[in-house]
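Tertiary structure, described
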Amino acid sequence: MSRTAAEIATQPASWRRAAEAAGSFGEGLPRPGERVAVTGCGTSWFMAIAYAALREAAGQGETDAFASSEFPSSRAYDRVVAITRSGTTTEVLDLLARLRGKVPALALTADPKTPVMDAADAVAVLDWADEESVVQTRFATTALAFLRAALGDVRGVAGVKTVAEAAADAEAAVADPLPEAVRGAEQWTFLGRGWGYGLALEAALKMREAAGAWTEAYPAMEYRHGPIAITGPGRVAWVFGAVPEGLAGEVERVGGTLHAHPGADPMADLVRAQRLAVAVAEAKGYDPDRPRNLTRSVILAP
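Residues numbered from 1 in each chain as written. Predicted model: local features only at pLDDT ≥ 70, side-chain atom pairs only at ≥ 80, totals over all residues. Heavy atoms only, no water.

Overview of the sheet that holds strand E8 (residues 235-240)
Note on sheets: strands pair through backbone hydrogen bonds, and any given pair is parallel or antiparallel. The strand order across the open sheet formed by four strands is E7-E6-E8-E9, and the pairing between neighbours is parallel. Edge strands, defined here as strands with exactly one partner in the open sheet, are strand E7 (215-219) and strand E9 (257-260). Neighbour-to-neighbour, the strand axes of this sheet turn through a mean angle of 20 degrees, independent of strand direction. In terms of strand pairing, strand E6 (residues 187-192) meets E8 through six bridges, oriented parallel. What sits directly across from Phe190, in E8, is Trp238. Contacting E6, E7 and E8, helix H9 (residues 196-211) runs over the sheet at an angle of about 175 degrees to E7. Lying on the sheet, helix H11 (residues 266-283) is in contact with E6 and E8; it crosses E8 at an angle near 150 degrees. (Pairing = 2+ DSSP bridges. Helix = DSSP H or I, 4+ residues; strand = E, 2+ residues; numbered from the N terminus. Axes fitted to C-alpha atoms, helices over the stretch in contact; angles between N-to-C directions. Contact = heavy atoms within 4.5 Å.)

Side note on the pairing of strand E4 (residues 105-109)
Of all the five residues making up E4, five are buried; the element is thus mostly covered by neighbouring parts of the structure. The alternating pattern of E4 places Ala105, Ala107 and Thr109 and Leu106 and Leu108 on opposite faces, both of which are buried. Where strand E3 (residues 79-83) lies against E4, four bridges are found, and the strand directions are parallel. Across the sheet, residue Ile83 finds its bridge partner in E4, namely Leu108. (Buried < 20%, exposed > 50% of the residue type's maximum accessible area, 1.4 Å probe, protein only.)

Section: the sheet that holds E4
What the five strands build is an open sheet, ordered E2-E1-E3-E4-E5; its pairing is parallel. Only two strands of the sheet have a single partner each, and these edge strands are strand E2 (63-67) and strand E5 (122-125). Sheet twist, expressed as the average angle between the axes of neighbouring strands with direction ignored, equals 20 degrees. Relative to the sheet, helix H4 (residues 90-99) contacts strand E1 (36-40), E3 and E4, its axis offset from that of E3 by approximately 160 degrees. Relative to E4, helix H6 (residues 138-150) is tilted by about 140 degrees, and along the sheet it contacts E3, E4 and E5.

Things to note about the nonpolar core
Nonpolar side chains tend toward joint burial in soluble globular proteins. Residues Trp15, Leu108, Phe146, Trp188, Phe190, Leu199 and Phe240 are the most contacted members of the largest nonpolar core, which totals 69 residues. Leaving out residues up to four positions away in the same chain, Leu108 has contacts with Val81, Ala82, Ile83, Thr84, Ala124, Leu126, Phe139, Ala143, Phe146 and Leu147. In this structure, Ala82, Leu93, Ala107 and Ala119 belong to the second largest nonpolar core, which totals ten residues. (Core = buried A, V, L, I, M, F, W, Y, C linked by side-chain atoms within 4.5 Å.)

Notes on the packing of aromatic side chains
In the structure shown here, the tally under the stated rule is eight aromatic pairs. For the ring pair Phe25 and Phe146, a centre distance of 5.7 Å and an interplane angle of 85 degrees mean the geometry is edge-to-face. Taken together, the residues Phe25 in the loop between helix H2 (11-24) and E1 and Phe146 in helix H6 connect sequence positions 121 residues apart. Given the relative accessible area of 23%, Phe25 is considered partly exposed. Judged by relative accessible area, which is 1%, Phe146 ranks as buried. One aromatic cluster in this structure is built from Phe66, Phe71 and Tyr77. (Phe/Tyr/Trp six-rings, centres within 6.5 Å; stacked < 30°, edge-to-face > 60°.)

Focus on helix H3 (residues 43-57)
Between its first and last C-alpha atoms H3 spans 21 Å; for 15 residues at 1.5 Å apiece the expected length is 21 Å, and the two agree. Listing the buried residues of H3 in full gives Thr43, Ser44, Phe46, Met47, Ala48, Ile49, Ala50, Tyr51, Ala52, Leu54 and Arg55. Packed against the buried residues of H3 are E1, E2, E3, H6, H9 and H11. Immediately beyond the C-terminal end of H3, within one or two residues, lies Gly59, with a positive phi of roughly 75 degrees. (Expected span 1.5 Å × (residues − 1).)

Concerning the environment of Pro112
Relative to the elements of secondary structure, Pro112 occurs in the loop between E4 and helix H5 (116-119). For the pair Pro112 and Asp94, spaced 18 residues apart in sequence, the C-alpha to C-alpha distance is 18 Å. For Pro112, the residues in contact, after removing those within four places along its chain, are Met117 and Val125.

Some words on the pairing of E8
Across the six residues that make up E8, a large majority, five, are buried. Pairing of E8 with E9 involves four bridges; the strand directions are parallel. Its bridge partner being in E9, Trp238 is matched across the sheet by His259. The parallel pair E8 and E9, bridged by helix H10 (residues 247-253), forms a crossover whose chirality is right-handed. (Right-handed = clockwise from strand over helix to strand, strands pointing away.)

Put into structure tokens, the structure is as follows:
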């Protein structure tokens, strides 16, 4: 088993620990009613997108998500949340330096011995979720589990469960076999609505990073406005959360394969996509622990 696959399998336990940590965390978390911006790079940005949509849907306040390199510093926010596994990512540290003394910032990181500890006003260290892998899986979903647990009980939001329920779904996602039609496809399009869109973006990134695969991601309702043109025999449309009415029939009409687990927590379904990325990489003879052209942290030269 690759190191990446082993880390993927530990996510249910890691999420449960994140929920406990969120319950005892002190000052620094977004408060209901605050205008919040969430930021990160790569996978962390996609987790930011998912959390921002979930927080706003839960009625806890206007919440935006930005790649750290594209953060609009002229906008006014009550709080900024930065996600950085390594704690060394250049764009995140540069942004926090610009915000210092202007906007309270909370950072989520896996490494307490990095510059982000001094760059943010408050830091949640999720060191039990750190990874040896270059490709992020466990830390990213654990950070999202921490943030969604801090929202409290948001089961009134469509498709949202408690973190404990999500962890139970993730245990099934770790154990269930992946359908051959999905494993053997030549192309995958990931779709989601609301907070599921951020997860769809992340699923596509995992496939590109680990397996060099042709993948795309879209809001589920936008799929029929053009992207469906790439679907056909041997190609998969994977939906996170509930499948929009009529979508299954559209995928069937063009000969594609629809894949969905509408009863499962969307974050747990991301575990399945992570496993798929490892399986496709290994089928191609790639090492998922050593993805091409990637490093664990992006540190830009001055």
